[in-house]
Amino acid sequence: MSIGVPRYLIVGMAALFSTYHLILALYTIDVPRNPIPVFVAMGLYAFATIISLLPIGPTRMPVWMAAFNFAIVVAITLLVSNELDFSDPGRVGYSSWYVAASGTLLTITSTRQRHTFAWLGIGFLVLQSAAVVGPGLFALGITGCVTWVAVSHVLSSALAKASKDAHRFALAEREATDWQAAQEAHVYERQFRLGQTSAMALAMLRTIEESGGDLTEEQRRECLHLEGAIRDEIRGRKLLNDAVREEVMNARRRGATVTLLDEGGIDDLSDDDLERVLNRLALAIHDTTADKVIARTVPEGSDIAVTVVGLRTVDDDALALGQDSLEDDEVDLWLEIPRTVA
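1. Some details on the pattern of salt bridges
Okay, so step 1: Within this structure, the stated rule accounts for 12 salt bridges.
Okay, so step 2: The partner of Arg 252 in a salt bridge is Asp 232, with the nearest N and O atoms 2.7 Å apart. Residue Arg 252 is found in helix H9 (residues 242-253), and its partner Asp 232 is found in helix H8 (residues 217-235); the two are separated by 20 residues along the sequence.
Okay, so step 3: Classification of Arg 252 by relative accessible area gives buried; the value is 10%.
Okay, so step 4: Measuring nitrogen to oxygen at the nearest pair gives 3.5 Å for the salt bridge that ties Arg 237 to Asp 262. In this pair, Arg 237 is assigned in the loop between H8 and H9 and Asp 262 in the loop between strand S1 (257-261) and helix H10 (271-287), connecting sequence segments 25 residues apart.

2. Describing the sheet that holds strand S4 (residues 330-338)
Okay, so step 1: One open sheet accounts for 4 strands, arranged S1-S2-S3-S4; its pairing is mixed. Whereas interior strands pair on both sides, the edge strands pair on one side only; in this sheet they are S1 and S4. Across the sheet, the mean angle separating the axes of adjacent strands is 10 degrees when strand polarity is ignored.
Okay, so step 2: As defined by bridge partners, S1 adjoins strand S2 (residues 292-297) across 5 bridges and the pair is classed as parallel. Bridge pairing in S2 places Thr 259 opposite Ile 294.
Okay, so step 3: Of the strands in this sheet, S2, strand S3 (304-312) and S4 touch H10, which is tilted by about 165 degrees from S4.

Rules of the game
Once a new chain begins, its residue numbering starts again from 1 and follows that chain's sequence as written. Given that the model is predicted, a residue must reach a pLDDT of at least 70 before its local features are reported, and side-chain atom pairs must reach 80 or more before they are shown or counted; all residues, however, enter totals for whole chains, interfaces and linings. Side-chain numbers come from the whole structure's heavy atoms, not from hydrogens or water. In what follows, salt bridge is the name for a side-chain nitrogen of Lys or Arg lying within 4 Å of a carboxyl oxygen of Asp or Glu. Strands here mean DSSP runs of E at least two residues long; helices mean DSSP runs of H or I at least four residues long; both are numbered from the N terminus. Working definition: with a 1.4 Å probe on protein chains only, accessible area under 20% of the residue-type maximum means buried, over 50% means exposed, and in between means partly exposed. The rule for pairing is simple: two strands pair if DSSP sees at least two bridges between them. Structural elements are reduced to axes, namely lines fitted to C-alpha atoms, with helices fitted over the stretch in contact, and the angle between N-to-C directions of any two is expressed from 0 to 180 degrees. Contact between two residues is taken to exist if any of their heavy atoms lie within 4.5 Å; hydrogens are not considered.

This is the structure we're talking about:
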């Protein structure tokens, strides 16, 4: 965010002032001893003013341009002042246009945030005028030049600081909005998960309450299945729809171990593609007779959305003892569900 005076307004005012100085130079062209250096000074001043006011590039003036403006101030001051007779102040009059012109150019330089070069130019003007005019230097308009540059310095610095503050406030506002959105998302997610958990576990909780905690073996197994379903809601996230939930519960009731892991790879899928992927996953879980089923999302950038692996334990002794297989499991199912239909 940028705060400041419209650029076209500054350019227009500066162009008018600069043109006025050139008109004064032409009006008093007969005063200098030799008009040729004055014409050269007018050309240099016009060129420096034009490139300084061009509405292109950043607001902050490049260093080379600021240094060039300082050099132009030195040049036009020496070119014009050397052709004037300051022993007769009344005759000099408007022929000292170079002082106001230098002040205008230095004000433009300061407005475009190159204050050091502007003050160097003012310092040169003061010293040079004091050397050639002496105590009467203030009659040349030095005071006005100093005032213009000082006001420009203060205003441009204040506007630059205001722009930085506005930028910081805008960033803080965006961060606050992002934080609020994240908090609302957390609240929504928490409420959604609580609602899902309540819907799944409410009937069993009532059974536990009515029986005083004295459950049958079948009811205890059902509690374990419900616990797994609640875990799925946390770890499975988008890998779940009603069909997947039903098939996962059926697989667990027949003794299979089912693990669903959503690691964010399908967050960008459209609703239709997501529903197709989940229905295919539900069908795979329904058709397999594997003892262990693992469904995991594939990171973005792959053509595969979900990988499903089914393992069958071949160690009957371990199964009889209720332990994991003592040998390598046998792959019963390997399925890669694509992100889109070919």
